[in-house]
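Take a look at the letters that make up each chain.
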Amino acid sequence: MKITKLILLLCAISLLQGCMNAAFTGAQAVYGRHGIQSTLSDQTISMKAERAIYLDTSRFENTNVSVSCFNGVVLISGQVENNNQRQEIEAIVKKIPGVKEIHNATTLSSPSSALTRVSDTWITTKVKAKLIAMNDIDPSQIKVITENGMVYLMGIVPPEQAGIAVDLARTTEGVQGVVKVFSYIHISKA
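Residues numbered from 1 in each chain as written. Predicted model: local features only at pLDDT ≥ 70, side-chain atom pairs only at ≥ 80, totals over all residues. Heavy atoms only, no water.

S.K.: Got a sec to walk through the overall build of the protein chain? Specific residues and values, please.
M.R.: Counting secondary structure elements, the protein chain contains five helices and six strands. When the helices and strands of the protein chain are placed in sequence order, the string is α-α-β-β-α-β-α-β-β-α-β. For the protein chain, with 190 residues in total, the buried portion stands at 44%. Contacts in the protein chain between residues far apart in sequence, at least 24 positions, make up 67% of those at least 6 positions apart. As presented, the protein chain carries roughly 10500 Å² of accessible surface, and 57% of it is formed by carbon and sulfur atoms. (Helix = DSSP H or I, 4+ residues; strand = E, 2+ residues; numbered from the N terminus. Buried < 20%, exposed > 50% of the residue type's maximum accessible area, 1.4 Å probe, protein only. Contact = heavy atoms within 4.5 Å. Areas by Shrake-Rupley, 256 points an atom, 1.4 Å probe, with all protein chains shown as cover.)

Now the structure itself:
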């Protein structure tokens, strides 16, 4: 019975997160500096990376690695068993066309549990919802990734928006810490 409830909760959270991603993509099409072409390029980079890590080889079966990309900037997060795996995964990602910069935030530990991953998805959803509710932030310019309670914020934003986003994430229940992976834009009045 508990497993069924856990599976239903995971499905509901995934669907909600998918709806939020669709809303972001729609907003990007109209307003965003991070356009549809860039979004597709980022998704392609992430898919190619995860394919190279998990489908093209069996060397990383004992890991839990996630590859996220925003405007060619890649965040590798998750757990690996040793430093060799960490370096090899980073080398694989570097070879993918379109990758401009890599932030390797993998940790040396056992893969996180399914319950931890569900919790991370829920934290991501809560942070994204807070960003959408803010008038001072363009949520389509910020990508939220959560790994073991640590929230990573990626995007292209003015420093003021980055500060607001960090504060929102930091005050979200369940967040252990916040890491900024932002590119900053400075808007001046002419």
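On we go from here.
S.K.: With reference to specific residues and values, describe the packing of helix 2 (residues 36-55) against helix 3 (residues 83-94).
M.R.: Helix 3 packs onto helix 2 with a crossing angle of 135° between their chain directions and a minimal axis gap of 9 Å. Regarding the angle of helix 2 to helix 3, the classification is oblique. The two elements helix 2 and helix 3 cross, and the hand of that crossing is right-handed. Contacts from Ala-49, Ala-52 and Ile-53 in helix 2 reach Ile-89, Ile-92 and Val-93 in helix 3. Tallied by class, the residues present in the contact of helix 2 with helix 3 amount to six nonpolar, no polar and no charged. (Axes fitted to C-alpha atoms, helices over the stretch in contact; angles between N-to-C directions. Parallel < 35°, antiparallel > 145°, perpendicular 65-115°, else oblique. Left-handed = near helix turned anticlockwise from the far one by under 90°. Nonpolar A, V, L, I, M, F, W, Y, C, P; charged D, E, K, R; others polar.)

S.K.: Mind laying out the sheet that holds strand 3 (residues 101-108), listing which residues take part and the relevant values?
M.R.: Pairing is mixed in the open sheet, where three strands are placed in the order 1-2-3. Of all the strands in the sheet, the pair left with one neighbour each is strand 1 (64-70) and strand 3. Each strand of the sheet is rotated relative to its neighbour by a mean of 10°, with strand direction disregarded. Direction of pairing for strand 2 (residues 73-80) relative to strand 3: parallel, over a ladder of eight bridges. When the sheet's bridge partners are listed, Val-80 is paired in strand 3 with Leu-108. Those strands touched by helix 3 are strand 1, strand 2 and strand 3, and its axis lies near 155° from that of strand 3. (Pairing = 2+ DSSP bridges.)

S.K.: Tell me about the packing of aromatic side chains, and name the residues and values.
M.R.: Scanning the entire structure with this criterion turns up one aromatic pair. When the centroid spacing of 6.2 Å and the interplanar angle of 50° are considered together, the rings of Phe-182 and Tyr-184 count as tilted. Classification of Phe-182 by relative accessible area gives buried; the value is 12%. Assessed through its relative accessible area of 38%, Tyr-184 is described here as partly exposed. (Phe/Tyr/Trp six-rings, centres within 6.5 Å; stacked < 30°, edge-to-face > 60°.)

S.K.: For unusual backbone geometry, give the residues involved together with the corresponding values.
M.R.: Positive phi values are uncommon outside glycine, yet Asn-71 reaches one of about 60°. Tracing the backbone through its elements, the reader meets Asn-71 in the loop between strand 1 and strand 2. By relative accessible area, which is 28% here, Asn-71 ends up partly exposed. The phi dihedral of Asn-148 is positive, around 55°, even though this residue is not glycine. When you line up the elements, Asn-148 lands in the loop between strand 4 (142-147) and strand 5 (150-157).

S.K.: Would you mind going over the sheet that holds strand 4 in detail, with residue names and values included?
M.R.: Overall, mixed pairing links the three strands, which are arranged 4-5-6 in an open sheet. This sheet does not close on itself; its edge strands, each paired only once, are strand 4 and strand 6 (177-184). Taken over all neighbouring pairs, the strand axes of this sheet differ in orientation by 15° on average, direction set aside. Strand direction decides the pairing type here: strand 5 and strand 6, joined by eight bridges, are parallel. Residue pairing for strand 6: Val-157 is matched across the bridge by Tyr-184. Sitting on the sheet, helix 5 (residues 159-170) touches strand 4, strand 5 and strand 6, and the angle it makes with strand 6 is about 165°.

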